[in-house]
Amino acid sequence: MSENLRRPIVMSGIRPTGFLHLGNYFGAMKNYVAMQDEYECYFMVADWHSLTTHPDTKALKENVRTVLAENIACGLDPRRVTLYCQSHVHETAELYLYLNMLAYMGELEKTTTFKDKARLQPDNVNAGLLTYPVLQTADIILHRAQFVPVGKDQEQHLEMARNFVKRFNHRYGEVFPEPVAFNFGTELVKVPSLDGSGKMSKTENQNATLYLRDSDEVIRKKIMKAKTDQGPSIPHSEKPDYIENIFGLMKLVSKPDVLEYYETAYNVCTIRYGDMKKQLAEDMVTFIAPIREKAKEIHANPNYLEKVMKEGAEKASTSARQTMKLVRAVMGLNYFEGT
Ligand code: TRP
């Protein structure tokens with residue numbers, strides 16, 4: 001395909017720490033799946049990034065395989081997207097090195113995620129943690145991606161990526177587009193946790209988070225434990241947060257008429273939360289179980305996962321080599337033919 005007929009390029013990374021949950025599914029995965037035909041997609045498991053917070057690598061291989069299996073089970077098709085592992089594309093490290101010379105200490109130290117992580121692991125404030133946004137920039141621009149489907153928490157990293165790109169282009173020559181955060185579709189979905197406190201999370205309040213690997217029983221148990229109350233006594237009253245959350249989850253996985261039934265019951269003060277949660281639990285099981293089983297099946301097939309990783313690495317490396325050729329040329333690091 002000639003350069004100007006190419007589909008717009010999309011890139012995103014997934015850290016192989018923790019299991020995917022419903023928030024990841026509706027916040028990211030669903031977006032990725034919807035984009036795979038209209039865009040040229042590069043989705044990467046960020047195993048190098050995980051070393052900044054998880055230096056012990058005993059569980060790494062297993063976690064990478066799990067994340068890959070879960071992503072494929074959610075509908076990512078390795079034949080239609082480039083699904084690969086960061087450490088398989090060595091050009092990333094080279095580009096990271098060049099970008100490090102354009103990144104200033106002051107701006108890196110000011111990054112919110114750096115400050116948060118430094119606070120969480122005061123005994124391991126390593127340089128990789130400081131330059132995390134530089135490595136992330138390398139991931140993105142290695143494929144000259146324009147769009148990065150990520151949530152709000154990554155906005156600052158993307159702003160930094162645009163700054164690094166501007167500096168590079170200005171100093172050496174226009175090689176990279178400025179990447180922007182991107183949300184496919186209309187509304188940004190926030191998946192509430194089951195205890196009424198914030199969003200579902202990979203690490204915090206695990207009992208209030210529904211994982212894509214949870215058994216039917218665990219799903220039911222978690223939902224039945226969600227906080228409710230006696231129900232409203234005044235028609236059409238406002239919902240407390242924890243009740244709003246249950247409706248929010250129902251909106252994601254239940255049929256519209258089911259949701260409407262409970263909305264009406266709420267508004268006329270006849271709602272029974274026990275019944276509502278039972279219904280939600282069953283609809284959630286119907287939603288999660290097939291993904292869980294598919295992920296299990298993929299995970300149990302090491303040959304298939306190896307093939308996916310190898311093919312992904314090959315496709316990503318092809319794109320990376322093209323970019324790095326341009327990079328070395330504009331930087332004057334092409335000492336002889338073929339570099
Ligand atoms: N920093 C991202 C996160 O914490 C993961 C990531 C690594 C990423 N490289 C990326 C996201 C490139 C988008 C693009 O979730």
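Residues numbered from 1 in each chain as written. Predicted model: local features only at pLDDT ≥ 70, side-chain atom pairs only at ≥ 80, totals over all residues. Heavy atoms only, no water.

Caption draft 1: Representation of the domain arrangement of the protein chain within the structure. Each domain of the protein chain was delimited in the assignment, giving domain 1 (3–189 + 301–331) and domain 2 (214–296). Relative placement of domain 1 and domain 2: their C-alpha centres are 35 Å apart. Taken together, the contact between domain 1 and domain 2 spans nine residues of the former and nine residues of the latter. Looking only at domain 1, the three residues that lose the most surface to domain 2 are Leu22, Phe26 and Ala73, adding up to 60% of its buried area. Run the count over domain 1 and domain 2 and you get zero salt bridges. Our count for the contact surface shared by domain 1 and domain 2 stands at zero residue pairs in polar contact (both at pLDDT 80 or more). Of all elements in the fold, only helix H1 (22–35) and helix H3 (60–73) reach the threshold of two or more residues within the side of domain 1 that touches domain 2. Top contributing element to the side of domain 1 that touches domain 2 by residue count: H3, with four residues. Of the residues assigned to the side of domain 1 that touches domain 2, the class counts are eight nonpolar, no polar and one charged. (Domains from an automatic or database assignment. Contact = heavy atoms within 4.5 Å. Buried area = accessible area lost by both parts, 1.4 Å probe. Salt bridge = Lys/Arg side-chain N within 4 Å of Asp/Glu carboxyl O. Polar contact = N/O pair within 3.5 Å; in protein donor to acceptor, adjacent residues only side chain to side chain. Helix = DSSP H or I, 4+ residues; strand = E, 2+ residues; numbered from the N terminus. Nonpolar A, V, L, I, M, F, W, Y, C, P; charged D, E, K, R; others polar.)

Caption draft 2: Broad picture of the nonpolar core. Counting 63 residues, the largest nonpolar core has Leu22, Phe43, Leu210 and Met284 as the members making the most contacts within it. Looking at this core element by element, the count peaks at 11 residues for helix H13 (residues 273–299). Each of two domains, domain 1 (3–189 + 301–331) and domain 2 (214–296), supplies a minimum of three residues to this core. When near neighbours in sequence (up to four residues on either side) are disregarded, Leu22 contacts Val191, Met200, Leu210, Leu212, Leu249, Met284, Phe287 and Ile288. Within the second largest apolar cluster, 35 residues are counted, among which are Met11, Ala46, Leu129 and Val175. (Core = buried A, V, L, I, M, F, W, Y, C linked by side-chain atoms within 4.5 Å. Buried < 20%, exposed > 50% of the residue type's maximum accessible area, 1.4 Å probe, protein only.)

Caption draft 3: Representation of the pattern of salt bridges within the structure. Counting across every chain of the model gives 18 salt bridges. The closest approach of N and O atoms between Arg80 and Asp37, which form a salt bridge, is 2.9 Å. Taken as a pair, Arg80 in the loop between H3 and strand S3 (82–85) and Asp37 in the loop between H1 and strand S2 (40–45) lie far apart in primary sequence, 43 residues in all. Assessed through its relative accessible area of 48%, Asp37 is described here as partly exposed.

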